[in-house]
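Here is how the chains run, residue by residue.
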Amino acid sequence: MSAIIVAIDGSAASGKGTLAKRLAAHFDFAYLDSGSLYRAIGVAVLRKGGDPTNAAQSVAAAQTLDIAQFTPADLRTEAAGVAASQVAAIPAVRAAILQFQRDYAHTPPQGKKGVVIDGRDIGTVVCPDAQAKIFVSASLDVRVDRRIKELRAKGELVIEARVRADLEARDARDSGRSVAPMKPAEDAWQLDTSALNADEVFDLSRKFVASKIA
Ligand code: C5P
């Protein structure tokens, strides 16, 4: 029997990661944060003193990616997010990790019967066959607020204008790139979380996913 696939796409700081983790725990599915793959590639290039917009350097990092070399703290910084969106705009980088994501989706670890994957192109490119697709959005102001709270909670020094500029630049790069741009799949349910808290987002999504996989 093939695995049940739940695709959660959306913009940076829209709350999709929190949602995806909670859905995976609720349905006892595996969870893959596809953004962490791009973040790891970006950080790998930076660690070598390279430039994440350089295709040759980024493709080499993607082809030799060892995710065990990175802690969550290494990957969750703003700098890692910016580097991720730079390497993610390079088509050969995306190609290098496409099969890994598809294999994970179709054969989740630990014999789980389903998987939740979050990213930008899961419903459109990686798993167009996903049974449930949610596209999560929120206004820029709300996302700036959420990201500032998240960074402060980690003790990072936060400059609001910088966070706003980084998010805007990432949105523009993620939506404007030629390959696998961020956009809702035609059959995705679009959820604007601007006026919702995390519990409300989870409850609505849980019901939606349950209706799709019943
Ligand atoms: O979701 P997260 O903020 O961790 O993603 C970091 C960056 O990785 C995004 O801004 C985007 O450029 C890239 N990404 C992508 N496709 C995905 C997941 C992430 O291009 N499926």
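Treat the numbers as computed from the prediction; the structure is a model and nothing was measured. Numbering of residues starts from 1 in each chain and follows the order in which that chain's sequence is written. For this predicted model, a pLDDT threshold of at least 70 governs which residues receive local features, and a threshold of 80 or more governs which side-chain atom pairs are given and counted, while totals over whole chains, interfaces and linings are taken from all residues. Excluded from the side-chain calculation are hydrogens and water; included are all heavy atoms of the structure.

**Focus on the overall build of the protein**
Okay, step 1: A tally of helices and strands in the protein yields 10 helices and 5 strands.
Okay, step 2: Our radius of gyration is a C-alpha quantity, and the globule rule it is checked against amounts to 2.2 Å times the number of residues to the power 0.38. Compactness check: the protein gives a C-alpha radius of gyration of 16 Å against a globular reference of 17 Å for 214 residues, within 12% of the reference.
Okay, step 3: Overall, the C-alpha framework of the protein stretches about 50 × 35 × 30 Å when taken along its three principal axes.
Okay, step 4: Scored against the burial criterion, the 214 residues of the protein give a buried share of 47%.
Okay, step 5: In the protein, of all internal contacts separated by at least 6 residues, the share reaching a separation of at least 24 is 78%.
Okay, step 6: To measure how exposed things are, a 1.4 Å probe is used in the Shrake-Rupley method; for residues, cover is taken only from the protein chains shown. Just so you have it, the protein exposes about 10,200 Å², and 55% of that area is on carbon and sulfur atoms. In this text, helices come from DSSP runs of H or I with a minimum length of four residues, and strands from runs of E with a minimum of two, each type numbered from the N-terminal end. Burial classes: relative accessible area under 20% of the type maximum marks a residue as buried, over 50% as exposed, and values in between as partly exposed (1.4 Å probe, protein chains only). What makes two residues a contact is simply this: any of their non-hydrogen atoms within 4.5 Å.

**Digging into the environment of alanine 12**
Okay, step 1: Here alanine 12 lies in the loop between β1 (4-10) and α1 (16-27).
Okay, step 2: Residue class for alanine 12 comes out buried when judged on its relative accessible area of 2%.
Okay, step 3: In this structure, the C-alpha to C-alpha distance between alanine 12 and aspartate 171, residues 159 residues apart in sequence, is 7.2 Å.
Okay, step 4: For alanine 12, the residues in contact, after removing those within four places along its chain, are Arg120, Arg143, Leu167, Arg170 and Asp171.

**Comments concerning the packing of aromatic side chains**
Okay, step 1: Ring geometry is summarised as follows: Phe, Tyr and Trp rings, the Trp one being its six-membered ring, pair when their centres sit within 6.5 Å, and such pairs are stacked at plane angles under 30 degrees, edge-to-face over 60 and tilted between the two. All chains considered together, the criterion is met by 3 aromatic pairs.
Okay, step 2: Here the aromatic rings of phenylalanine 100 and tyrosine 104 are separated by 6.2 Å at their centres, their planes lie at 50°, and the arrangement is tilted. Placement of the pair is phenylalanine 100 and tyrosine 104 together in helix α6 (residues 91-106), with a separation of 4 residues, close to one helical turn.
Okay, step 3: Judged by its relative accessible area of 45%, phenylalanine 100 is partly exposed.
Okay, step 4: With centroids separated by 4.8 Å and ring planes inclined at 20°, the aromatic side chains of tryptophan 189 and phenylalanine 208 adopt a geometry described as stacked. Within this pair, whereas tryptophan 189 is found in strand β5 (residues 189-192), its partner phenylalanine 208 is found in helix α10 (residues 198-213), the two being separated by 19 residues in sequence.
Okay, step 5: Judged by relative accessible area, tryptophan 189 falls into the partly exposed class, the value being 26%.
Okay, step 6: According to the relative accessible area criterion, phenylalanine 208 is buried, its value standing at 14%.

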